[in-house]
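Structure assessment
What follows is the residue order along each chain.
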Amino acid sequence: MTATDLRFRSKIDGWIITATVLPILIGLYPAWRAATEGHIWAPLVVFTPVALIGWGISSTSYTVTAHELDVRCMWLRELIPLNSIHSLRPSRSPLSAPALSLDRIELVHATGRTRVSPRDREGFVAILSRHNPSIAVHGFESREAVSYTHLTLPTKA
């Protein structure tokens, strides 16, 4: 990652936090009891998912470089050339995606479709559109109406 790269963090829906944290909280007391009785496996069963959830939340991001969009979630990584992106549109698809929210953007590109959920949706769309003006943008505010002067386009090397 260079100084000119723009990183967008994933938006996180509250229901995702509730659906993942609540079962873990329910399992904490039994895990603590089992650990005090010498059963070390019980805390591992509870805390391994906690670590994985934390890793997923902290690692899900979308970085726009000079030539590509780098989509990351845990050990998964997808590099999408910016010039291969055909269109962007809002999506609420519940299909599996490197996104922590159902407030998503579907990118149609040369090798398929990718759904992402950047916190700053308008900024994300604006920077991709600015880099590749041929991207068809559906269902978002017009490109001219969006003013993101604080976002700088990565320069091509």
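Residues numbered from 1 in each chain as written. Predicted model: local features only at pLDDT ≥ 70, side-chain atom pairs only at ≥ 80, totals over all residues. Heavy atoms only, no water.

1. What about the layout of surface pockets?
The gaps left among the atoms become clear once a water-sized probe is rolled over them. Put simply, the test is: In this analysis, the protein atoms alone were mapped onto a 1 Å grid. Cavities are point sets where a 1.4 Å probe fits without being able to get out; pockets are open sets with protein on both sides within 12 Å along at least five of seven lines; lining residues have an atom within 4 Å of a point. Grid points are joined across faces, edges and corners, and a volume is the space filled by probe spheres set on the points. Helix numbering and strand numbering both begin at the N terminus, where a helix is a DSSP run of H or I of at least 4 residues and a strand a DSSP run of E of at least 2. When residues are sorted by character, Ala, Val, Leu, Ile, Met, Phe, Trp, Tyr, Cys and Pro go into the nonpolar class, Asp, Glu, Lys and Arg into the charged class, and all the rest, Gly among them, into the polar class.
Of the voids in this model, the largest pocket is the one considered here, and its volume is about 380 Å³. Around the largest pocket, the lining is made up of 19 residues, and of these C73, M74, A97, A99 and L100 lie nearest the centre. Put simply, the parts of the chain that give the lining of the largest pocket at least two residues each are α1 (14–36), α2 (41–59), β3 (68–73) and β4 (76–81). No other element matches the 4 residues that α2 contributes to the lining of the largest pocket. Per-class residue counts for the lining of the largest pocket are 12 nonpolar, 4 polar and 3 charged.

2. Some words on the side chain of H131
Going by this rule: For each residue, the accessible area found with a 1.4 Å probe, counting protein chains only, is set against the maximum for its type, and the residue is called buried under 20%, exposed over 50%, and partly exposed in between.
Structurally, H131 is set in helix α3 (residues 121–131). When its relative accessible area of 14% is taken as the criterion, H131 is described as buried.

3. Here we look at the packing of aromatic side chains
Any pair of aromatic rings gets described here by the distance separating the centres and the angle formed by the planes. Selection rule: Classification of ring pairs uses Phe, Tyr and Trp, with its six-membered ring standing for Trp, and accepts pairs whose centres are within 6.5 Å; under 30 degrees between planes counts as stacked, over 60 as edge-to-face, and the remaining range as tilted.
Under the counting rule described, the total for this entry stands at 4 aromatic pairs. Between the aromatic rings of F8 and F124, the centroid separation amounts to 5.3 Å while the plane-to-plane angle is 90°, which identifies the pairing as edge-to-face. Of the two residues, F8 sits in strand β1 (residues 6–9) while F124 sits in helix α3, which places them 116 residues apart along the sequence. F124 carries the same exposure label as F8, and that label is buried. An angle of 65° between the planes, with centres 6.2 Å apart, marks the rings of Y62 and F124 as edge-to-face. Residue Y62 is located in strand β2 (residues 61–64), and its partner F124 is located in helix α3; the two are separated by 62 residues in the primary sequence. Overall, Y62 belongs to the buried group, its relative accessible area being 0%. Ring pairing ties together the aromatic residues F8, Y62 and F124, which thus form one cluster.

4. Digging into the packing of α1 against α2
How we decide: Comment: axis = line fitted to C-alpha atoms, over the contacting stretch for helices; angle = value between 0 and 180 degrees taken between N-to-C directions. Angle categories are assigned with fixed cut-offs, so that under 35 degrees is roughly parallel, over 145 is roughly antiparallel, 65 to 115 is roughly perpendicular, and the rest are oblique. In this scheme the crossing of two helices becomes right-handed for a clockwise turn of the near helix relative to the far one and left-handed for an anticlockwise turn of less than a right angle. Here, residues are in contact when the closest pair of their heavy atoms is within 4.5 Å.
One way to put it is that α1 packs onto α2 with a least axis distance of 8 Å and a crossing angle of 150°. As the angle between them shows, α1 and α2 are arranged roughly antiparallel. In the crossing of α1 with α2, the sense of the turn from one axis to the other is left-handed. Contacts between α1 and α2 involve I17, T20, I24, G27, L28, A31, A34 and A35 from the former and A42, P43, V46, F47, P49, V50, I53 and I57 from the latter. Across the contact of α1 with α2, the residue classes break down as 14 nonpolar, 2 polar and no charged.

5. As for α3
Taking burial as the measure, the 11 residues of α3 include 9 buried ones, the bulk of the element. Among all positions in α3, only R121, G123, F124, V125, A126, I127, L128, S129 and H131 are buried.

6. Section: the sheet that holds β1
In any sheet, the strands associate via hydrogen bonds between backbone groups, in a parallel or an antiparallel arrangement. To keep it simple, the criterion reads: When DSSP finds at least two bridges between two strands, those strands are taken to pair.
If you trace the 4 strands from one edge of the open sheet to the other, you get β1-β2-β3-β4, paired in antiparallel fashion. Every interior strand has two partners, whereas the edge strands, β1 and β4, have only one. Going across the sheet, the axis of each strand differs from the next one's by a mean of 15°, ignoring polarity. Of the strand pairs in this sheet, β1 and β2 are connected by 4 bridges, and their pairing is antiparallel. Considered in β2, the bridge of R7 is made with T63. Strand contacts of α2: β1, β2 and β3, with the helix running at about 135° to β1, the strand carrying the most contacts. With respect to the sheet, α3 is in contact with β1, β2 and β3, its orientation differing from that of β1 by roughly 150°.

7. Overview of the nonpolar core
To be explicit about the condition: The term nonpolar core refers to a set of buried residues drawn from Ala, Val, Leu, Ile, Met, Phe, Trp, Tyr and Cys, joined through side-chain atoms within 4.5 Å.
The biggest cluster of nonpolar side chains holds 20 residues, and the ones touching the most others in it are Y62, L69, I85, L88, F124 and L128. At 4 residues, α3 tops the list of elements feeding residues into this core.

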